[in-house]
Amino acid sequence: MAWGFLFHLCQMLSLNKISFEFGGRYLYKDASWQINPGDKVGLIGANGTGKSTLLRLINGEYALESGSITKLKNLSIGFLNQDLLSYDSEKNILDVAMEAFEKQLTLHEEIETILARLEHEHSDELLHELHDKQTLYEALDGYTIQHKAEELLEGLGFSTADLKRPLTEFSGGWRMRVMLAKIMLQRPDILMLDEPTNHLDLPSIQWIEKYLQDYAGTVIIVSHDRYFLDNVVNRIAEIANEKITIYPGNFSFYLEEKALRDELQQAQYDNQQDFIRQQERLINRFRAKASKAKMAQSRIKQLDKLERVEAVAGRGPVINIRFDIGVQPGKVIQNIDIREKSYGTLRILGKCNAQIQRGDKIALIGANGKGKSTLLRMLFGTEDFDGRIEDGYNVHKSFYAQHQLESLGLDNTLIKELQDFAPAEKENTLRGLLGAFLFGGDDIMKKIKVLSGGEKARIALAKLILSKANFLILDEPTNHLDMQSVNLLIKVLQDFEGTFIVVSHDRFFVSQLANKIWWIENHTLKEYPGDYEEYEYAKGQEAKNKKQLANGQLAKSKKEEPKTNNEKREPEKKHSDDLQKKKKKLTAQFQKLEEKIAQLKTEKEKVEVQLSLPEIYGEQKMFQETLAKFNLVEKQLKEVTEEWEKVFEELESM
């Protein structure tokens with residue numbers, strides 16, 4: 001399908017009042033959704049609401065109970081789903097990815113056949129056929145398909161040498177990358193991705209973000225990665241209460257808009273409930289009186305016809321977990337002295353030294369294959385290496401990794417798994433802990449073997465809390481967790497009084513927790529003594545300086561002839577005076593902005609109080625006006641705060 005034609009159409013795919021029942025309950029009932037060219041949609045919802053099922057319905061794998069899905073004629077859909085992990089082939093991964101170019105590969109074979117025939121038979125007819133096929137092959141960019149496939153695979157983390165290795169040699173996560181590359185090379189009109197970042201490391205996630213930002217087609221993504229959604233999507237489609245609700249904007253905008261919509265809906269619900277209670281009191285009062293019976297019946301009919309406003313769905317259980325540490329450790333948690341760590345000829349780490357201090361919240365980030373998990377095992381003491389790692393006074397370690405999910409007692413119930421691990425704890429305490437980890441009621445009597453990957457991860461994390469360790473070593477703890485569970489873990493670790501080091505590719509998770517960033521570069525352990533946002537800024541400045549140096553801008557200034565002392569002093573003095581003037585001006589601006597922020601915060605608090613008043617939220621017009629005022633103040637506060645941050649950064653740099 002020609003993209004020019006496609007983009008002149010108002011919508012390419014439409015879900016019209018669809019209903020679908022699964023496992024005895026409706027996932028969607030009379031739900032509708034229009035998908036337009038250029039939409040980049042984040043499909044979100046709680047676990048079990050039917051996100052992956054909706055993608056399969058669009059792909060034609062399931063049949064609707066009622067409603068319809070209409071698509072443009074010849075609409076092409078590429079669907080990356082977790083089932084592709086089982087795909088197997090003896091072909092090398094470059095050839096597997098190039099299967100995306102079916103037409104070009106067929107043409108290439110036909111061209112090769114004709115060239116072989118021309119060695120023995122010569123005819124104008126054969127030459128014309130060759131010319132036509134070569135012209136078509138060139139028009140389909142056939143001569144660049146290998147380069148495109150190589151570039152995409154290497155962008156997803158494969159080395160040049162990997163491209164000739166058979167698919168069978170790779171683990172499930174790396175196979176998924178090959179399938180992702182194949183689907184992306186097909187450049188379908190709609191690209192549907194179900195948890196695409198699950199098997200990607202941080203550099204690959206950032207690379208695919210850039211690719212999807214520039215992608216000309218429509219994209220629908222199911223993901224629990226908030227940063228990824230913020231950087232890629234321009235729409236959020238939320239599945240909740242059997243409906244699909246669309247929010248224009250990225251995930252951060254959705255959170256703000258959702259809060260405002262929920263506030264308005266709850267106010268409307270409360271008002272309607274007051275009205276219903278009043279009518280029911282009148283009905284009960286007049287029903288027994290013959291003279292008023294007709295009025296009572298009229299009000300009953302009125303209530304029956306009333307379109308009910310639903311209460312806002314609960315935001316999940318309140319998290320109240322105490323993560324007690326058994327004993328307080330000394331100031332130094334670990335002294336690290338590594339001389340060498342290798343696997344045969346594969347070198348992981350060379351000589352490096354580091355120290356972990358009490359209160360450190362370290363995020364170890366970077367590409368897969370650099371040795372992050374190996375380093376964690378070295379810190380825990382289960383991996384041999386040349387060197388020494390010494391624990392400090394009273395240090396009690398606990399290690400969380402994916403293999404611990406496999407070591408859970410499959411025939412144990414959830415409560416018994418915790419009782420076996422912490423026999424001294426009271427059952428009420430263990431029940432409370434399970435409840436905080438989203439296992440309520442009869443869930444605690446489920447057997448481990450029936451749990452999903454995310455549920456097993458939550459049980460393993462609950463056991464981590466029961467360990468009472470004061471130093472946690474965490475290897476990808478957010479794998480398999482949905483957004484609610486990730487937020488739960490963030491809250492638990494924010495309140496944790498001990499020390500931890502975590503490997504994670506979830507940037508939101510890291511940004512909420514880390515006060516130090518570690519990474520492995522050139523077989524050396526490196527550290528940035530700040531949070532993730534500061535680290536990203538510093539890396540960006542470093543990249544910018546390198547680019548300037550490469551362009552000769554910094555080199556040129558260094559090559560200038562040295563000036564005499566007298567020549568130097570005058571410009572230096574002038575520069576110093578200019579700097580002082582600029583600093584004075586910025587300081588005054590900074591103070592004014594601080595005053596403005598304080599003023600706007602006070603104004604925002606006043607409007608928030610007004611929104612909570614019954615006489616305001618009970619009157620829709622007045623509520624809408626007050627809400628509009630609140631939105632304006634919040635927008636102004638955001639703009640002034642951004643300006644304040646810029647001025648602050650400029651002052652800091654001076």
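Residues numbered from 1 in each chain as written. Predicted model: local features only at pLDDT ≥ 70, side-chain atom pairs only at ≥ 80, totals over all residues. Heavy atoms only, no water.

**Section: the overall build of the protein chain**
Scanning the protein chain from N- to C-terminus turns up 23 helices and 19 strands. Across the 654 residues of the protein chain, 41% fall into the buried class. Counting only contacts in the protein chain whose residues sit at least 6 apart along the sequence, the fraction spanning at least 24 positions is 68%. With the model as given, the accessible surface of the protein chain reaches about 35900 Å², and the carbon-plus-sulfur share is 49%. (Helix = DSSP H or I, 4+ residues; strand = E, 2+ residues; numbered from the N terminus. Buried < 20%, exposed > 50% of the residue type's maximum accessible area, 1.4 Å probe, protein only. Contact = heavy atoms within 4.5 Å. Areas by Shrake-Rupley, 256 points an atom, 1.4 Å probe, with all protein chains shown as cover.)

**Comments concerning the packing of helix α10 (residues 251-286) against helix α11 (residues 293-305)**
Taken N-terminus to C-terminus, the directions of α10 and α11 make an angle of 150°; their axes are 9 Å apart at the nearest point. As judged from the angle between their axes, α10 and α11 are roughly antiparallel. Crossing angle aside, the handedness with which α10 passes α11 is left-handed. Here F275, I276, Q279, E280, L282, I283 and F286 of α10 lie close against α11, whose contacting residues are A293, M295, A296, R299, I300, Q302 and L303. Taken together, the residues that form the contact of α10 with α11 break down as 10 nonpolar, two polar and two charged. (Axes fitted to C-alpha atoms, helices over the stretch in contact; angles between N-to-C directions. Parallel < 35°, antiparallel > 145°, perpendicular 65-115°, else oblique. Left-handed = near helix turned anticlockwise from the far one by under 90°. Nonpolar A, V, L, I, M, F, W, Y, C, P; charged D, E, K, R; others polar.)

**What about the sheet that holds strand β13 (residues 361-365)?**
Spatially, six strands are ordered β15-β16-β17-β13-β18-β19 in an open sheet, and the strand pairing comes out mixed. Both edges of this open sheet fall to β15 (397-400) and β19 (524-528), since each of them pairs with a single strand only. With strand direction ignored, the average angle separating the axes of adjacent strands in the sheet is 20°. Where β15 lies against strand β16 (residues 471-475), four bridges are found, and the strand directions are parallel. Each bridged residue has a counterpart across the sheet, and for F399 the counterpart in β16 is I473. (Pairing = 2+ DSSP bridges.)

**Details of unusual backbone geometry**
Backbone geometry at N241 places phi at a positive 55°, although glycine is not the residue there. Structurally, N241 can be placed in the loop between β8 (235-240) and β9 (243-248). The backbone of H523 shows a phi angle near 65°, a positive value even though the residue is not glycine. Residue placement: H523 occurs in the loop between β18 (516-521) and β19. Its relative accessible area of 32% is what places H523 among the partly exposed residues.

**Considerations on the sheet that holds strand β3 (residues 40-44)**
With mixed pairing, the six strands of this open sheet are ordered in space as β5-β6-β7-β3-β8-β9. Each having just a single partner strand, β5 (77-80) and β9 make up the two edges of the open sheet. Mean inter-strand twist for the sheet, computed between neighbouring axes without regard to direction, equals 20°. In this structure, β3 lies alongside β8, joined through four bridges in parallel fashion. Opposite I44, over in β8, you have E238 as the bridge partner. α10 contacts β3, β8 and β9 of the sheet and is inclined by roughly 115° relative to β9.

**Quick notes on the environment of N241**
Residue class for N241 comes out partly exposed when judged on its relative accessible area of 48%. Separated by 71 residues in sequence, N241 and V312 place their C-alpha atoms 9.9 Å apart.

**Focus: the confidence of the model for the protein chain**
The share of residues in the protein chain with pLDDT of 70 or more is 89%, and the mean pLDDT across the chain is 84. The lowest-confidence element of the protein chain is helix α1 (residues 3-6), averaging 41 in pLDDT; the highest-confidence one is β13, averaging 96. Note that pLDDT drops below 50 for residues 1-9; the model gives that stretch 20 contacts with residues more than four away or on any other chain. (pLDDT = per-residue confidence, 0-100.)

**Some points on helix α12 (residues 372-380)**
Within α12, burial applies to K372, T374, L375, L376, M378 and L379. Remark: G381 follows α12 within two positions and exhibits a positive phi of approximately 100°.

**Things to note about the side chain of N412**
For N412, the position within the fold is in the loop between α13 (403-406) and α14 (414-421). Its relative accessible area of 16% is what places N412 among the buried residues. Within polar-contact distance, the side chain of N412 engages the side chain of D420 at 3.5 Å. Leaving out residues up to four positions away in the same chain, N412 has contacts with E417, D420, K446, K447 and I448. (Polar contact = N/O pair within 3.5 Å; in protein donor to acceptor, adjacent residues only side chain to side chain.)

**Things to note about the nonpolar core**
Counting residues in each nonpolar core, the largest one holds 52 residues, and the members touching the most others are L191, L193, L212 and I221. Ranked by residues supplied to this core, first place goes to helix α7 (residues 172-186) with eight residues. L202, L466, F500 and Y535 belong to the second largest nonpolar core, which has 51 residues in total. (Core = buried A, V, L, I, M, F, W, Y, C linked by side-chain atoms within 4.5 Å.)

**Considering the pattern of salt bridges**
All told, the structure shown has 29 salt bridges when counted by the stated rule. Of the charged contacts, one joins D162 and R165 as a salt bridge, the two residues approaching to 2.9 Å between their closest N and O atoms. Since its relative accessible area comes to 30%, R165 is described here as partly exposed. Two residues, D214 and K210, come together in a salt bridge whose shortest N-O distance is 2.5 Å. Residue D214 and its partner K210 are both found in helix α8 (residues 202-214); the two are separated by four residues, about one turn of the helix. By relative accessible area, which is 52% here, D214 ends up exposed. Look at K210 and you get partly exposed, because its relative accessible area is 46%. One continuous salt-bridge network, built from bridges that share partners, spans K91, E99 and K182. (Salt bridge = Lys/Arg side-chain N within 4 Å of Asp/Glu carboxyl O.)

**Points about the packing of helix α15 (residues 427-436) against helix α16 (residues 453-466)**
The geometry of α15 relative to α16 is characterised by a closest axis approach of 10 Å and an angle of 135° between their N-to-C directions. Our classification of the angle between α15 and α16 gives oblique. For the crossing formed where α15 meets α16, the hand is right-handed. Contacts from L430, L433 and L434 of α15 reach α16 at I459, A462, I465 and L466.

**Focus on helix α2 (residues 51-58)**
Side chains three or four residues apart in an α-helix point the same way, a direct result of the helix having 3.6 residues per turn. Burial runs high along α2: seven of the eight residues are buried. K51, T53, L54, L55, R56, L57 and I58 are the residues of α2 that are buried. Following α2 by one or two positions, G60 adopts a phi angle in the positive range, close to 85°.

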